[in-house]
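Results of the structural survey
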Amino acid sequence: MTSVGLVLGGGGITGAAYQLATLMAIRMATGWEPDQADVVVGTSGGAFTAAMLRGGRLDIETLVGDTHDRHEVAERLRAYLFRRRRVPRGVARWVRRGVLPGLRRPDFGLVLGSPGLHATDGLGEWVDEAIGPLAASWPDKPTVIVAYDIQAKERTPFGTEAAPDVALRDAVRASAAVPFFFEPVKLDGRWYADGGVASGTSVDLLLANPEPLDLVIVVAPLASAHPRDDARFYEETLDRIGREALEAELALLEEKWPDTEVLVMRPTPEILAASRPNPLSTEAALPTFLRTLRILGDHLGSPEVWDVLRRHLVEPAGRV
């Protein structure tokens, strides 16, 4: 039986919408249930998708709930994601953990621990409401949620022996705590920020699996290979950083597991036209989801993609 690793990269709420639609499209095309993946790795928006997948909520209702139009959907998502702090907290922590070290050695670490405009409590509530009791525990199947330890300045793979035991909802909150936008999340006495600070994908974490996997599927919203028309100046920078990290991780995977097939799913320019320029736009989430479902059929049917899916995910005819 084919063993599968599923990597869900960061990309904000529009990235999560893209991933939900992509996994649903693969399920419809092949009959394979994504929750059957032997290992799932989720980062930032992909951490939310991973929680929904393991919780059996790979459906459009995850986004829309009982709303009736796209504007109600946007308001629903905004209520979960953007709970504004009247006074941003943690200035002293930011100075100690980010500013002072950053002044001595300027890098991206300068923003770590920064006070956030919003709390992630609402995201935790969304996970609670969507998947029930599982939110307060951890999936039985191997699941890794990647956050970034601000003090240690290294990624933390929750769900592994290298990380403390936390609730799934809290791991998702930590993984999605984008610096400046969201305040860091304190778990087990340590402060965590968005796992994308270290890598938007962290494919290399799959190498901890005891045996090489037959197939690795990477869904990477922030590693697009083709820029969209009228892209903002920062979009190509984010995609380039995502591509470079992903390429390095895939090279290591190929070196260690040369027989493993890899399928990378990235948003097309037409999908990017719905999901950008702001990956955190709740208004763009539902249009991204719907456009991905509409477009992905042709992409999955292309020979280079379908041949991989057919070999690993499609049950042979007549097999019970």
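Since we're looking at a predicted model, the values are computed, not measured. (Residues numbered from 1 in each chain as written. Predicted model: local features only at pLDDT ≥ 70, side-chain atom pairs only at ≥ 80, totals over all residues. Heavy atoms only, no water.)

**A look at the overall build of the chain**
Broken down by element type, the chain carries 11 helices and 10 strands. Sequence separation of at least 24 residues holds for 75% of the intrachain contacts in the chain that already meet a minimum separation of 6. Only carbon and sulfur atoms are counted for the fraction: they give 53% of the accessible area of the chain, which is about 14,600 Å². (Helix = DSSP H or I, 4+ residues; strand = E, 2+ residues; numbered from the N terminus. Contact = heavy atoms within 4.5 Å. Areas by Shrake-Rupley, 256 points an atom, 1.4 Å probe, with all protein chains shown as cover.)

**Brief notes about the nonpolar core**
Membership of the largest hydrophobic core comes to 68 residues, with the highest contact counts inside it found for Leu-63, Trp-126, Ile-131, Phe-158 and Ile-217. Ranked by the residues each element gives to this core, the list is headed by helix α1 (residues 12-30), at 10 residues. Those residues in contact with Phe-158, other than ones at most four positions away along the chain, are Trp-138, Thr-143, Val-144, Ile-145, Ala-147, Ala-163, Pro-164, Val-166, Ala-171, Ala-174, Leu-187 and Tyr-192. Ranked by size, the runner-up nonpolar core spans 17 residues in total, among them Val-41, Leu-213, Leu-246 and Leu-250. (Core = buried A, V, L, I, M, F, W, Y, C linked by side-chain atoms within 4.5 Å. Buried < 20%, exposed > 50% of the residue type's maximum accessible area, 1.4 Å probe, protein only.)

**Things to note about the packing of α1 against helix α11 (residues 303-313)**
Where α1 meets α11, the axes come as close as 11 Å, and the angle between the chain directions of the two elements is 65°. Between α1 and α11, the crossing angle belongs to the class labelled roughly perpendicular. Relative to α11, the crossing made by α1 is right-handed. Within the contact between the two elements, α1 uses Ile-26, Ala-29 and Thr-30 and α11 uses Trp-306, Leu-309 and Leu-313. Residue composition of the contact of α1 with α11, grouped by class: 5 nonpolar, 1 polar and no charged. (Axes fitted to C-alpha atoms, helices over the stretch in contact; angles between N-to-C directions. Parallel < 35°, antiparallel > 145°, perpendicular 65-115°, else oblique. Left-handed = near helix turned anticlockwise from the far one by under 90°. Nonpolar A, V, L, I, M, F, W, Y, C, P; charged D, E, K, R; others polar.)

**Re the pattern of salt bridges**
For the structure on display, the rule yields 20 salt bridges. Among the ionic pairs, Asp-35 bridges to Arg-54, the shortest N-O distance being 2.9 Å. Of this pair, Asp-35 sits in the loop between α1 and β2 (39-43) while Arg-54 sits in helix α2 (residues 45-54), placing them 19 residues apart in sequence. Pair check on accessibility: Asp-35 and Arg-54 agree, each one buried. Residue Arg-83 is joined to Glu-125 by a salt bridge in which the shortest nitrogen-to-oxygen separation is 2.9 Å. (Salt bridge = Lys/Arg side-chain N within 4 Å of Asp/Glu carboxyl O.)

In short, the description is geometric, and any link to function would need to be established separately.
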